[in-house]
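Okay, here's what each chain looks like letter by letter:
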Amino acid sequence: MFVTDPAAFLAEFSDERYPMRGAATARSAFLVSPASGVLAEESARDNRYMDLSRAPDPLRALRQHADLARRLGADVPVLTFPGDPDCPDGMFPNNVFATARGNLIVGRMRHPVRQREAARSDIRGFFRDVLGYRELDLSGGDYVAELTGALVIDRARGIGYCGLSERCDLAGARAMHEAFGLRLTFAFELAAGEYHANVVLAVLAGRAVIVAGDGFADPAVPEAIVRAYDRRAVHLSAAQKRAFAGNAIALAPGRAWLSAMAADALEPSQRVLLERFGFSLGAVDLEEIEKAGGSLRCCVAEIF
């Protein structure tokens, strides 16, 4: 089912109808190394989290990225593909590549600088020839669909939360609903200036959510999502959202990962809530990478 109205979503959602019957977290993950000392000017047109005056230090970015791969390896096996200097946003592969049910899904990116990433034969070949995954290629579609940047997925229930913006239109949301084999997708407009849902919403192992209410055009949308999870939610301020505290991921049932800046932005009461919901907190310094307008969750492409 595909819905766009908060009331329709709440009328459809129930634990009985959508039980946690699938894997809540990935079995592995892959990253793509940073390979450029410049920022993607095209991406900055609709990503207000980027500041073109703050060029990243390439060597420091590489060190931070390598530390991220090492730290995440405590929860799942992690592999890293080499970056491409012609793809400065390539270190955020989850927008371009995703997996579901033995399929590799390739996204339809808005900007040409990111469309180049979708053509990578090594990543496609790894999933096709090594893992035996079938390829579902959305990259040539007449829509925009930036995968798990725009689409936050409760994998355990098969429910997608899709933020509509310049980076994902309604047709793209429907294409992703089909490609991921979702049982229910709730599509909604993001607030003006927001580019990806995964900056304002995280679903942690199907049990709790982190949500920045001001990132949604209609306040009834985050309220409906919070109600669906029995109010097991950490609510973020605008400042915490800007610090990427919504850009979180759980790669194991008992840990939520954030960047160091995002973790530092949390209040003690919010950390207590995460612990109450069953999550310890993992934090990695990604200051150089965050200059490119994304954070920890953006760096992680999950393998299901």
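Above: the structure in question.
Residues numbered from 1 in each chain as written. Predicted model: local features only at pLDDT ≥ 70, side-chain atom pairs only at ≥ 80, totals over all residues. Heavy atoms only, no water.

1. Structural notes on the overall build of the protein
Here comes step 1: When its secondary structure is counted, the protein shows 13 helices and 16 strands.
Here comes step 2: Here the protein has a C-alpha radius of gyration of 17 Å; the compact-globule value for 304 residues is 19 Å, and the two agree.
Here comes step 3: By the burial criterion, 60% of the 304 residues in the protein qualify as buried.
Here comes step 4: A fraction of 76% describes how many contacts in the protein between residues 6 or more apart in sequence connect residues 24 or more apart.
Here comes step 5: Of the roughly 11,500 Å² of accessible surface on the protein, 50% is carried by carbon and sulfur atoms. (Helix = DSSP H or I, 4+ residues; strand = E, 2+ residues; numbered from the N terminus. Rg over C-alpha atoms; globule rule 2.2 N^0.38 Å. Buried < 20%, exposed > 50% of the residue type's maximum accessible area, 1.4 Å probe, protein only. Contact = heavy atoms within 4.5 Å. Areas by Shrake-Rupley, 256 points an atom, 1.4 Å probe, with all protein chains shown as cover.)

2. Some words on the pattern of salt bridges
Here comes step 1: Across all of its chains, the model carries 20 salt bridges by this definition.
Here comes step 2: A salt bridge links Arg17 to Glu12; the nearest nitrogen and oxygen atoms lie 3.2 Å apart.
Here comes step 3: Accessibility expressed as a relative area gives 42% for Arg17, which makes it partly exposed.
Here comes step 4: Salt-bridge contacts for Asp15 lead to Arg157; the nearest nitrogen and oxygen are separated by 3.4 Å. One end of the pair, Asp15, is in the loop between α1 (6-12) and β2 (28-32); the other, Arg157, is in the loop between β7 (151-154) and β8 (159-164), with 142 residues separating them in the sequence.
Here comes step 5: Through salt bridges with shared partners, a single network forms among Arg60, Asp285, Glu287, Glu288 and Lys291. (Salt bridge = Lys/Arg side-chain N within 4 Å of Asp/Glu carboxyl O.)

3. Some remarks on the sheet that holds β8
Here comes step 1: If you trace the 4 strands from one edge of the open sheet to the other, you get β1-β9-β8-β7, paired in mixed fashion. For this open sheet the edge positions go to β1 (2-3) and β7, each flanked by a neighbour on one side alone.
Here comes step 2: The pairing of β7 with β8 spans 4 bridges and is classified as antiparallel. Bridge pairing links Leu151 to Cys162 in β8. (Pairing = 2+ DSSP bridges.)

4. Focus: the packing of aromatic side chains
The description of an aromatic ring pair rests on the distance of the ring centres and on the angle between the ring planes.
Here comes step 1: Evaluation of the coordinates by the stated rule reveals 13 aromatic pairs.
Here comes step 2: Ring geometry for Phe30 and Phe127: centres 5.5 Å apart, planes at 55 degrees, overall tilted. Note that Phe30 is positioned in strand β2 and Phe127 in helix α5 (residues 121-130), a separation of 97 residues in sequence. Taken individually, Phe30 and Phe127 each receive the classification buried, so the pair is uniform in this respect.
Here comes step 3: Here the aromatic rings of Tyr161 and Tyr229 are separated by 6.4 Å at their centres, their planes lie at 55 degrees, and the arrangement is tilted. In this pair, Tyr161 is assigned in strand β8 and Tyr229 in the loop between α8 (220-228) and β12 (233-235), connecting sequence segments 68 residues apart. (Phe/Tyr/Trp six-rings, centres within 6.5 Å; stacked < 30°, edge-to-face > 60°.)

5. Examining unusual backbone geometry
Here comes step 1: Of note in this structure, Arg101 is not a glycine but carries a positive phi near 55 degrees.
Here comes step 2: Tracing the chain through its elements places Arg101 in the loop between β4 (97-100) and β5 (103-106).
Here comes step 3: Judged by relative accessible area, which is 54%, Arg101 ranks as exposed.
Here comes step 4: Phi at Arg231 is positive, roughly 65 degrees, even though this residue is not glycine.

6. Here we look at the environment of Leu296
Here comes step 1: Among the secondary structure elements, Leu296 is positioned in helix α13 (residues 296-299).
Here comes step 2: Overall, Leu296 belongs to the buried group, its relative accessible area being 0%.
Here comes step 3: When the C-alpha positions of Leu296 and Gly246 are compared, they lie 10.0 Å apart, and in sequence the two are 50 residues distant.
Here comes step 4: Those residues in contact with Leu296, other than ones at most four positions away along the chain, are Leu68, Asn247, Ile249, Trp257, Leu258, Ser259, Val284 and Leu286.

7. Details of the nonpolar core
As a rule of thumb, soluble globular proteins bury nonpolar side chains together.
Here comes step 1: One finds Phe9, Tyr161, Leu201, Leu204 and Ile225 to be the most contacted residues of the largest nonpolar core, which totals 44 residues.
Here comes step 2: Looking at this core element by element, the count peaks at 5 residues for α8.
Here comes step 3: In this structure, Leu201 is in contact with Val152, Tyr161, Val209, Ile210, Val211, Phe216, Ile225 and Gly246, ignoring residues within four places of it in sequence. (Core = buried A, V, L, I, M, F, W, Y, C linked by side-chain atoms within 4.5 Å.)

8. Thoughts on the sheet that holds β5
Here comes step 1: Here 3 strands make up an open sheet; going across it, the order is β4-β5-β6 and the pairing mixed. Every interior strand has two partners, whereas the edge strands, β4 and β6 (134-137), have only one. In this sheet, adjacent strand axes meet at a mean angle of 25 degrees when their direction is disregarded.
Here comes step 2: Sheet analysis places β4 next to β5, joined by 4 bridges and oriented antiparallel. Across the sheet, Thr99 pairs through a bridge with Leu104, a residue of β5.
Here comes step 3: Along the sheet face, α5 touches β4, β5 and β6 and points at about 160 degrees away from the line of β5. (Axes fitted to C-alpha atoms, helices over the stretch in contact; angles between N-to-C directions.)

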